[in-house]
Number of protein chains: 2
Amino acid sequence: MVDRAKLVNKAMDEAVPLKYPETLNESMRYSLLAGGKRVRPALCLAACELVGGDIQAALPAACAMEMVHTMSLIHDDLPSMDNDDFRRGRPTNHKVYGEDIAILAGDALLSYSFEHIARATKGVPAERVLRVIMELGKAVGQDGLVAGQVVDIQSEDKAVGLDVLKYIHEHKTAALLEASVVCGAILGGADEATIEKLRKYSLNIGLAFQVIDDILDVTATTEQLGKTAAKDLAVNKTTYPKLLGLEKSKQVADDLIKEAIQQLDGFDDAKAAPLVALAKFIGYRQN
Amino acid sequence: MVDRAKLVNKAMDEAVPLKYPETLNESMRYSLLAGGKRVRPALCLAACELVGGDIQAALPAACAMEMVHTMSLIHDDLPSMDNDDFRRGRPTNHKVYGEDIAILAGDALLSYSFEHIARATKGVPAERVLRVIMELGKAVGQDGLVAGQVVDIQSEDKAVGLDVLKYIHEHKTAALLEASVVCGAILGGADEATIEKLRKYSLNIGLAFQVIDDILDVTATTEQLGKTAAKDLAVNKTTYPKLLGLEKSKQVADDLIKEAIQQLDGFDDAKAAPLVALAKFIGYRQN
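Here we summarise the structure given alongside this text. The structure displayed is predicted, hence computed values, not measured ones.

## Thoughts on the overall build of chain A
Within chain A one finds 15 helices and 2 strands. A compact globule built from 287 residues should have a C-alpha radius of gyration of about 19 Å, and chain A, at 18 Å, falls within 12% of that. With the C-alpha coordinates of chain A rotated into their principal frame, the extents come out at 50 × 50 × 30 Å. For chain A, the proportion of its 287 residues judged to be buried stands at 59%. The contacts in chain A between residues at least 6 apart in sequence include a share of 72% that link residues at least 24 apart. Looking at charge distribution, chain A has the averaged site of its 33 positive side-chain charges lying 2 Å from that of its 41 negative ones.

The structure is reproduced here in C-alpha cells:
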C-alpha cells in the first residue's frame, strides 16, 4: 500500500504542475499532496488488478478519485460547512489560502478529475472510459457525496434515525469508495457479474469506513486523528455509537467487513489479497 | 434563439428532476432555470448544425455548458467572492438557500455537467464524446474559468494592465464560450481546420462579450442588468473603459465581433446565419 501511495502521489504531482496563476495550483497541491492514506486510489488499482487489468490503465482514474476526495474535504472544511481548522495535522485549505481560493481550488480539482480521466487514460476502449466518467459523476453529485453532505447538514442538531444516518454514510463516504472499486474493475475489463460483486464489496467497506469514523471520533485523540476529535459529540451529531452504543457499533463494522470479504470468495486468493487487506485495513484502522 | 432556449430549458428541467434531498435539487434548479439568455447552449447547437450535425447530438453538451456557467455564477456570487445579492433580477442562490447549500449546488452542477455529457449524448462515437469532456474540463479548471476568477480576485484594488485584464476575460468568460462552440463542432463531426476556425470565432466573441460587460457596468442601470450596476466602479476594478475609455472600448468590441464574423466566411451563408446572429447579439446586447 505504501508503494501504491508513492505511485499515486508521483502521478498526482505530475498531473497538477505549478503554473500561472500559482496561488490556485499551490492551493490545489497543498491539499492534494498532503499525505493522506490514498485508500481510494489503492482500491481502484487493486480492483483493476484483481480482474486481470494493467494498473497503468486505472492510474488516471485512481488519481481522479483522490482529487474528488480532496475537493470534498476542502469544501466540507469551509466556515459555512463544518468550519474545521485542521485536517491531516495541518491547517485547512481556507485557513492558508482564504475561503475564496479554497472554494475555487475545490472546483478546479473536481473539474480536473473528469478531464484527467478523459485525457490520461490510455489503452482502454473509449466506451469504457465514458462509463467510468458516469460512475464518478454518480458518486459525486445529486446521487452521491454532495447529496450526503446536504442531508448531513440538514440533520445537525436533530435526532435522526438509523435510516437517515445510513443514507448520509452511504452517500457521503461509500459512494466514492464504490466508484473507486467499480471504476478500477471497469477499466480492467471486468464482466458485469464481477462488477456487481465488487460493488457490493465496496458499499460494505464504505459503510464500515464511516461507522469506524464515528467510533474513532469517540475513542481517538486529536493527535491520532490529525483532525479535531470528539467533534461529533461537541456538535451533538447523530452517530452510530450514539444510536447503537460503542460495542454494538464495533460489531456492525466487523460484520460489514466480513461480508465485504465474502464477496471476494470466488476469486483467486493471491489476486484477491490486496482487496482483503484493504478491507481489513479499513476495519481495524486507528485513525 | 427563443426556440432554442425553450428546447434547452426543457432538456435541463428533465435532466435535474426534483428528488431527495429536495433542498439540493431545488437550489440547483433555482439558478439553472432562472431564465438566462442561454447564449452558451445556443452557440453549441448552432456550431453543431453549421458543420452538418444533428442538434440532438449536441443537446446534452449544450445543457452542460449552461450547468457549468450556472455553477460559476453561484460560486462567484458567494460572500467570500463577489458578495452579490442579486442575479438575473432575483436574490442570489446563497441568499435563498444559505452559503453551504449554494456551494454544494454548484459542486453538484459541475460534476453533473460531465456526467450528463457522458450519459445522455447519443449517436456520437465515444472518442468524440471523450474529446468534448476534455475541452469542457480545460474550459473550467486551472486553464479556464477558475483560473480567470483567481486572477480576477488577485487583481482587486490593484492597477493591472491590459495583458492581465485580457487574461481574466479570456479565461473567466471566453474559455466556456470557446468550449461551447468547439464542442458543438466536434459533436457535429467537424474536421480539424473547421474546429480551429470556430475556435477563433468563439475566442473573439468571448472577449467581446466581456468588454461589453465592462461597458454595460458603466452605461446600464441595475434594472436593465438584473444585477448590481456600476459595481466595477464601486470596487475600483480595472476594466476596458477604465483602461481605454468608453469610445475606444466600444471600438475594440466592434472589431472583435467583425473579426469573429470573418471566420465564418468560407461557410454557406444560410448555415452560418445563426452564428453571425449570435455574434451580433453579443456585440449589440443591452444587458
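## Here we look at the interface of chain A and chain B
The extent of an interface is frequently quoted as the accessible surface area lost upon association of the parts. Each partner contributes residues to the interface: chain A has 49 residues there, and chain B has 49 residues. Put simply, chain A and chain B have 2 salt bridges between them. Here Lys19(A) and Asp143(B) are joined by a salt bridge, their closest N and O atoms 2.9 Å apart. One can count 8 residue pairs in polar contact (both at pLDDT 80 or more) joining chain A with chain B. Mapped by element, the contributors of at least two residues to the side of chain A that touches chain B are α2 (22-32), α4 (55-76), α6 (99-120), α7 (126-140) and α8 (145-154) of chain A. Ranked by the residues each element gives to the side of chain A that touches chain B, the list is headed by α6(A), at 14 residues.

## A look at the pattern of salt bridges
In this structure the tally under the stated criterion is 38 salt bridges over all chains. Residue Lys166(A) is joined to Glu170(A) by a salt bridge in which the shortest nitrogen-to-oxygen separation is 3.6 Å. Of this pair, Lys166(A) and Glu170(A) both sit in helix α9 (residues 162-187), separated by 4 residues, roughly a single helical turn. Accessibility expressed as a relative area gives 37% for Lys166(A), which makes it partly exposed. Overall, the relative accessible area of 29% leaves Glu170(A) in the partly exposed class. Between Glu66(B) and Arg88(B) there is a salt bridge whose closest N-O contact spans 3.5 Å. You can see Glu66(B) sitting in helix α4 (residues 55-76) and its partner Arg88(B) sitting in the loop between β1 (86-87) and β2 (90-91), a full 22 residues away along the chain.

## Concerning the packing of aromatic side chains
Taken as a whole and judged by the stated rule, the model has 5 aromatic pairs over all chains. Between Phe114(A) and Phe114(B) the ring centres are 4.9 Å apart and the planes differ by 5°, which places this aromatic pair in the stacked class. With Phe114(A) in helix α6 and Phe114(B) in helix α6 (residues 99-120), the pair connects residues from two separate chains. Of the two residues, Phe114(A) and Phe114(B), both sit in the buried class. With a centroid separation of 5.7 Å and an interplanar angle of 70°, the aromatic rings of Tyr30(B) and Tyr97(B) are classed as edge-to-face. In this pair, Tyr30(B) sits in helix α2 (residues 22-32) while Tyr97(B) sits in helix α5 (residues 93-97), placing the two residues 67 residues apart along the sequence. The cationic tip of Arg40(A) hangs over the ring face of Phe209(A); the distance from NZ or CZ to the ring centre is 5.6 Å.

## Describing the nonpolar core
Formed by 203 residues in total, the largest nonpolar core has its most connected members in Tyr201(A) and Tyr201(B). If we ignore the near neighbours within four places in the chain, the residues touching Tyr201(B) are Leu43(B), Val181(B), Ala260(B), Gln263(B), Leu264(B), Leu275(B), Leu278(B) and Ala279(B).

## Some remarks on helix α15 (residues 269-284) of chain A
All names here are of chain A. When the terminal C-alpha atoms of α15 are compared, their 21 Å separation across 16 residues agrees well with the 22 Å that a helix rising 1.5 Å per residue should span. Approximately 30° is the largest bend angle found in α15, and it occurs at Leu275. Taken residue by residue, α15 has Ala272, Leu275, Leu278, Ala279, Ile282 and Gly283 as its buried positions. The inward-facing, buried residues of α15 contact α3 (39-50), α10 (192-219) and α14 (246-262). For α15, the capping residue at the N-terminal end is Asp268, with a side-chain oxygen 3.2 Å from the backbone nitrogen of Ala270.

## With respect to the relation of the copies chain A and chain B
The transformation that overlays chain A on chain B combines an axial shift of 0.0 Å with a rotation of 180°, and the residual RMSD is 0.0 Å. Between the two chains, the operation in question is that of a two-fold axis. Ranked by how close their C-alpha atoms come to the rotation axis, the residues of chain A are headed by Ala126(A), at 2.7 Å. In this assembly the copies share their binding face: 100% of the residues contributing to the interface of chain A also contribute to that of chain B.

## Considerations on α7(A)
Counted at 1.5 Å a residue, the expected span for α7(A) with its 15 residues is 21 Å, and the 21 Å between its end C-alpha atoms agrees. Every buried residue of α7(A) is listed here: Ala126(A), Val129(A), Leu130(A), Val132(A), Ile133(A), Glu135(A), Leu136(A), Gly137(A), Ala139(A) and Val140(A).

Criteria and thresholds
- Residues numbered from 1 in each chain as written.
- Chains lettered and ligands numbered in written order.
- Predicted model: local features only at pLDDT ≥ 70, side-chain atom pairs only at ≥ 80, totals over all residues.
- Heavy atoms only, no water.
- Helix = DSSP H or I, 4+ residues; strand = E, 2+ residues; numbered from the N terminus.
- Rg over C-alpha atoms; globule rule 2.2 N^0.38 Å.
- Buried < 20%, exposed > 50% of the residue type's maximum accessible area, 1.4 Å probe, protein only.
- Contact = heavy atoms within 4.5 Å.
- Lys, Arg positive; Asp, Glu negative; His and termini not counted.
- Charge placed at Lys NZ, Arg CZ, Asp CG, Glu CD.
- Salt bridge = Lys/Arg side-chain N within 4 Å of Asp/Glu carboxyl O.
- Polar contact = N/O pair within 3.5 Å; in protein donor to acceptor, adjacent residues only side chain to side chain.
- Phe/Tyr/Trp six-rings, centres within 6.5 Å; stacked < 30°, edge-to-face > 60°.
- Lys NZ or Arg CZ within 6 Å of the ring centre and 35° of its normal.
- Core = buried A, V, L, I, M, F, W, Y, C linked by side-chain atoms within 4.5 Å.
- Expected span 1.5 Å × (residues − 1).
- Bend = angle between axes of the 7 residues up to and from the residue.
- Least-squares fit on C-alpha atoms with pLDDT ≥ 70 in both.

By themselves these figures say nothing about function.
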